[in-house]
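# Tertiary structure, described
Next come the chains, spelled out residue by residue.
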Number of protein chains: 2
Amino acid sequence: MLKNTLFFEKTSLEKIDAYARRINDEQENGDVGYYHLHKMGATLIEESVEFISQKTYVKKIILVGMGGSSCGVKALKDLLFDEKDNDRELLILDNTSSHSVSKILKQIKLEESLFIITSKTGSTVEVISLFKLIIAYFNLNLNELHKYFVFITDENSNLHKEGENLRIKCFFIPQNVGGRFSVLSAAGIVPLCFCGYNVKALLDGAEACFEDFFSHKNDVILQKAYHYCTHKNANINVLFSYSDAFKGFNEWYIQLIAESLGKKQGYKRLGLTPIALIGARDQHSFLQLIMDGPKNKTITFLKIKDSQKAPFIPDIHFKFLDSLSNGVNLHELLNAQCDATMHALCAENLSVDVIELERLDAWHCGYLMYYYELFTSACGLMLGINTYDQPGVEVGKLILKNLLRK
Amino acid sequence: MLKNTLFFEKTSLEKIDAYARRINDEQENGDVGYYHLHKMGATLIEESVEFISQKTYVKKIILVGMGGSSCGVKALKDLLFDEKDNDRELLILDNTSSHSVSKILKQIKLEESLFIITSKTGSTVEVISLFKLIIAYFNLNLNELHKYFVFITDENSNLHKEGENLRIKCFFIPQNVGGRFSVLSAAGIVPLCFCGYNVKALLDGAEACFEDFFSHKNDVILQKAYHYCTHKNANINVLFSYSDAFKGFNEWYIQLIAESLGKKQGYKRLGLTPIALIGARDQHSFLQLIMDGPKNKTITFLKIKDSQKAPFIPDIHFKFLDSLSNGVNLHELLNAQCDATMHALCAENLSVDVIELERLDAWHCGYLMYYYELFTSACGLMLGINTYDQPGVEVGKLILKNLLRK
């Protein structure tokens, strides 16, 4: 189970109910596709498993994708590090940074590799450029590309058309599912299936969150969203995640919140500013600013209850060094650091909540990601903006095109 | 050279001069030690080289340290990935996260390893706990620890005393150099020397920045600090770094700004909130919020001019895919994306500046890190706070001690 405890005052049920109805309408009317992805996974899993079962020689899957086309997969790769049922390695190319590109290409042997090119629009300049670089690096002939590549894109996009032209297998992202909400669509399911992650449990976790929210009317997400959207002085939202396994998830969270909620509304500029930290590490970095700096931040602590796999700090006594942590389980030390920081911030009267996962597995990850998607939709409704577009980044793309034409 | 161009209005020289005098006083009076580290490196380099030259069997250096004890080294490891003159691998343990700990320990063979335990105070609970875990993992006898460990700490700290007790070699961080300003002290120099990085060039770069600022009176740092500290509506400072090589540097920047400048001053709470992004990747994530969200952010673009080592995007023409980036050098594409984003943000009237490094080498990294240290000191003076302490994190440490005692 996922337990979310709010350490700030809840609002009246009446206010919350109005938003509960609106998000329910949004979910039911079908314009926003991500709400229902967990119900559509079975066919996709079957199709992915069938495809990859014919490619037993593949040892490395290289995913090429920007933003929503890779963020969710990267998050789950980090989270589910010891929960795979095959030993295919997943590598991710998510930038046009030349040193990462060459570092990844150097460790690949063509004959054991499968490249996934993901672009929802089918025209992302970084992705198309990297696709061409890979072709040239391995000196591939265009009529053999179908052996090494898979495309994931919208139906009828240019990438889909090119895929048909080149006889490359295409998987489709539903038109009404935005990139940053696409982790449970083909964008996430296909690469995760290929690499042996438990995608079924991931979708089940998402479904459990859907049920808790829409059927069992658990209002914790709405309460939190309402608090975030009405406390305008605290418009920086810190996610303090206690485990290195959350590194990719932190990036996914930042994309989801920043790109969904940073919007113009007439002359007004709205948005919540997400910041994501890793504990205990960042207690030695950002924490001082939260404690003593401007009170413009809310803080969510994210932790994992289960400590079974962690070692115990041995009972070694030194003449001059502290023995306070002797005999403590390393993961319990981490959680104690989380609790201590949480208490310290509560004492400063900051808005704090804690999300505790029972353990780190695909089911809990599915629940957690769906939780944050719902949370984002709720904030969007409360701010009165379009949560699902990203008009602000188009200007830069046009300027880039002009620069490249020169 | 490092070129910093400000795209916002400069302030009068008179105002700037007052702060120039104060920072000059601070530098000259000697209470703040980091200002002069670049002049003290020669002996330290000699001592480090002599020590490691007796340990030719060492193939992996494992640095254990939190916050300032590892951040700077991690930054330089990422930045100088292809600029080492030996093939010793540097691994960093900077968290009590059990999966990272076991992942790193699993890849180590004791007989070819040297562990560096860094703690300025000599009593960091995470570091002492990890030290004990390593001892137990390799089943070490206390009287053989001196073969495998080196300590870096303040003189007369408990870690130093224990080092003497166990005959472990100790290197010292000057008392008047704070953890987050310690990258050019033993905390950085020793591990970097051991692994064959060009530490001499790093210190020379820092010295060049010192000279530009204090001798040649280049006022760009003061102008930028003044703008940041007086535009209180824009108290979120985004560093948008265009290359994956800046990942560790981004974390170092966040620690430096957040922990130095987030301070109480009587009843007032002051501070700048640092956010660090990687381009072009985060154009698909955080950029939308900067473009359309609240105008509470300044943006610094950080880029590398030299594109010599990057491949060219091949001139492959597809029926349905764009050819606009064909023939473009991959690093030049990245820089064009940086320029396009910069122009788009300028058009929104946001405060923008650009730092361009001529190329990525130790000299430029030394210049860049010293630039940001000076910038932080200048901001601290302008905000009227103590830049060099971190009182806010002590409460959490006390609570943790109480939790562990139970």
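Residues numbered from 1 in each chain as written. Chains lettered and ligands numbered in written order. Predicted model: local features only at pLDDT ≥ 70, side-chain atom pairs only at ≥ 80, totals over all residues. Heavy atoms only, no water.

### Description of the overall build of chain A
- What chain A contains, in helices and strands, is 14 helices and 12 strands.
- Its C-alpha atoms give chain A principal-axis dimensions of roughly 65 × 60 × 45 Å.
- The buried share of chain A, reckoned over its 406 residues, is 66%.
- Per element, the accessible surface of chain A, about 15000 Å² overall, is 49% carbon and sulfur.
- Of the side chains in chain A, 44 bear a positive and 48 a negative charge, and the two mean positions are spaced by 7 Å. (Helix = DSSP H or I, 4+ residues; strand = E, 2+ residues; numbered from the N terminus. Buried < 20%, exposed > 50% of the residue type's maximum accessible area, 1.4 Å probe, protein only. Areas by Shrake-Rupley, 256 points an atom, 1.4 Å probe, with all protein chains shown as cover. Lys, Arg positive; Asp, Glu negative; His and termini not counted. Charge placed at Lys NZ, Arg CZ, Asp CG, Glu CD.)

### Topic: the nonpolar core
- A:F249, A:Y372, B:F249 and B:Y372 are the most contacted members of the largest nonpolar core, which has 234 residues in total.
- Residues within four places of A:F249 in sequence aside, it is in contact with A:A75, A:L79, A:L239, A:L302, A:L368, A:M369 and A:Y372. (Core = buried A, V, L, I, M, F, W, Y, C linked by side-chain atoms within 4.5 Å. Contact = heavy atoms within 4.5 Å.)

### Observations concerning the interface of chain A and chain B
- Residue-level contacts link 109 residues of chain A with 109 residues of chain B.
- Across the chain A/chain B interface, buried area totals approximately 9100 Å², and carbon plus sulfur atoms make up 65% of it.
- Of all residues in chain A, A:K132, A:R269 and A:H284 give up the largest surface area on contact with chain B, accounting jointly for 9% of the area buried on that side.
- At the junction of chain A and chain B, the tally comes to 8 salt bridges.
- One salt bridge connects B:K264 with A:E348, and the closest N-O pair in it is separated by 3.2 Å.
- Joining chain A to chain B, the criterion identifies 50 residue pairs in polar contact (both at pLDDT 80 or more).
- Looking at the side of chain A that touches chain B, the element that brings in the most residues is helix α12 (residues 330-347) of chain A, giving 10 residues. (Buried area = accessible area lost by both parts, 1.4 Å probe. Salt bridge = Lys/Arg side-chain N within 4 Å of Asp/Glu carboxyl O. Polar contact = N/O pair within 3.5 Å; in protein donor to acceptor, adjacent residues only side chain to side chain.)

### A closer look at the sheet that holds strand β12 (residues 351-357) of chain A
Residue and element names in this part refer to chain A.
- Within the open sheet, the 5 strands sit side by side as β1-β12-β11-β7-β10. Their pairing is mixed. For this open sheet the edge positions go to β1 (2-6) and β10 (273-279), each flanked by a neighbour on one side alone. When the angles between neighbouring strand axes are averaged without regard to direction, this sheet yields 15°.
- Of the strand pairs in this sheet, strand β7 (residues 236-242) and strand β11 (residues 297-304) are connected by 6 bridges, and their pairing is parallel. The residue bridging S241 from the neighbouring strand is L302, located in β11.
- Helix-sheet contacts for helix α10 (residues 247-261) involve β7, β10 and β11, and the interaxial angle to β10 is about 170°. (Pairing = 2+ DSSP bridges. Axes fitted to C-alpha atoms, helices over the stretch in contact; angles between N-to-C directions.)

### Brief notes about empty space enclosed by the protein
Residues and elements named next belong to chain A.
- Taken as a whole and assessed by the stated rule, the structure comprises 3 cavities of 30 Å³ or more.
- Taken as a whole, the largest cavity holds about 60 Å³ of empty space.
- Around the largest cavity sit 14 residues that line it, and G68, G72, G179, S182 and V183 are the ones nearest its centre.
- When residues of the lining of the largest cavity are traced back to their parent elements, those giving at least two are α3 (71-79), α7 (186-194) and α10.
- Among the elements that line the lining of the largest cavity, the one with the most residues is α3, at 3 residues. (1 Å grid on protein atoms, 1.4 Å probe; cavity = no way out; pocket = protein on both sides within 12 Å on 5 of 7 lines; lining within 4 Å. Points joined across faces, edges and corners; volume = space filled by probe spheres on them.)

### Describing the relation of the copies chain A and chain B
- The operation relating chain A to chain B is a screw motion whose rotation component is 180°, with 0.0 Å of axial translation and a residual RMSD of 0.0 Å. These values place the two chain copies in the arrangement generated by a two-fold rotation axis. Identified as the residue of chain A closest to the rotation axis by C-alpha distance is A:I275, at 3.7 Å.
- Comparing interface residues between copies, 100% of those in chain A also lie at the interface in chain B; the contact surface is shared. (Least-squares fit on C-alpha atoms with pLDDT ≥ 70 in both.)

### Some words on helix α12 (residues 330-347) of chain B
All names here are of chain B.
- Its 18 residues give α12 an end-to-end C-alpha distance of 26 Å, which sits within 8% of 26 Å, the value for a rise of 1.5 Å per residue.
- Taken across its 18 residues, α12 has 13 buried, putting it largely inside the fold.
- Two to three positions downstream of the cap, the backbone nitrogen of H331 sits 2.7 Å from a side-chain oxygen, assigning the N-cap of α12 to N329.
- In the segment just after α12, N349 is the residue with positive phi, at about 65°. (Expected span 1.5 Å × (residues − 1).)

### Section: the pattern of salt bridges
- Under the defined criterion, the tally for this structure stands at 36 salt bridges over all chains.
- One salt bridge connects A:D389 with A:K263, and the closest N-O pair in it is separated by 3.0 Å. Residue A:D389 is located in the loop between α13 (362-383) and α14 (394-405), and its partner A:K263 is located in strand β8 (residues 263-265); the two are separated by 126 residues in the primary sequence.
- A:D282 is the partner of A:R281 in a salt bridge, and the nearest nitrogen-oxygen pair spans 3.2 Å. For the pair shown, A:R281 and A:D282 are each scored as buried.
- Salt bridges sharing common partners tie together A:K74, A:D94, A:E251, B:R281 and B:D282.

### Focus on the domain arrangement of chain A
Residues and elements named next belong to chain A.
- Considered domain by domain, chain A is made up of domain 1 (2-28 + 202-391) and domain 2 (32-197).
- With centres defined by C-alpha atoms, the gap from domain 1 to domain 2 works out at 29 Å.
- On the domain 2 side, the residues contacting the 36 residues of domain 1 number 28 residues.
- Of the roughly 2800 Å² buried where domain 1 meets domain 2, counting both sides, 65% is carbon and sulfur surface.
- The interface formed by domain 1 and domain 2 holds 2 salt bridges in total.
- Between E251 and K74 there is a salt bridge, and its shortest N-O distance comes to 3.3 Å.
- Mapped by element, the contributors of at least two residues to the side of domain 1 that touches domain 2 are α1 (13-29), α8 (199-215), α10 and α13. (Domains from an automatic or database assignment.)

### Considerations on the pairing of strand β12 (residues 351-357) of chain B
All names here are of chain B.
- In terms of burial, β12 is a largely internal element, 7 of the 7 residues being buried.
- Of the two faces of β12, both are covered, the one formed by S351, D353, I355 and L357 as well as the one formed by V352, V354 and E356.
- Pairing geometry for strand β1 (residues 2-6) and β12, over 5 bridges, is antiparallel. Bridge pairing links N4 to I355 in β12.
- Here 7 bridges tie strand β11 (residues 297-304) to β12, and the two strands are oriented parallel to one another. Directly across from L302, in β12, lies its bridge partner I355.
- Where the polypeptide runs from β11 across α12 and back to β12, its parallel neighbour, the crossover connection is right-handed. (Right-handed = clockwise from strand over helix to strand, strands pointing away.)

### Re the pairing of strand β2 (residues 60-64) of chain A
Residues and elements named next belong to chain A.
- With 5 of 5 residues buried, β2 lies mostly within the body of the structure.
- Of the two faces of β2, the one holding K60, I62 and V64 and the one holding I61 and L63 are both buried throughout.
- Looking at chain direction, β2 and strand β3 (residues 89-93) are connected through 5 bridges and run parallel. In the strand pairing of β3, K60 is matched with E89.
- Since β2 and β3 lie parallel, the crossover through α3 that links them has a hand, and here it is right-handed.
- With 5 bridges joining them, β2 and strand β4 (residues 113-118) adopt parallel strand pairing. Along β4, the bridge assignment pairs V64 with I117.

### A short note on the state of the cysteines
Residue and element names in this part refer to chain A.
- For the coordinates displayed, the defined rule picks out 0 disulfides over all chains.
- No disulfide involves C209; its sulfur sits 13 Å from that of C365, the nearest cysteine.
- The exposure class assigned to C209 is buried, which follows from its relative accessible area of 1%.
- Free of any disulfide, C229 has its nearest neighbouring cysteine sulfur in C379, separated by 3.8 Å. (Disulfide = S-S within 2.5 Å.)

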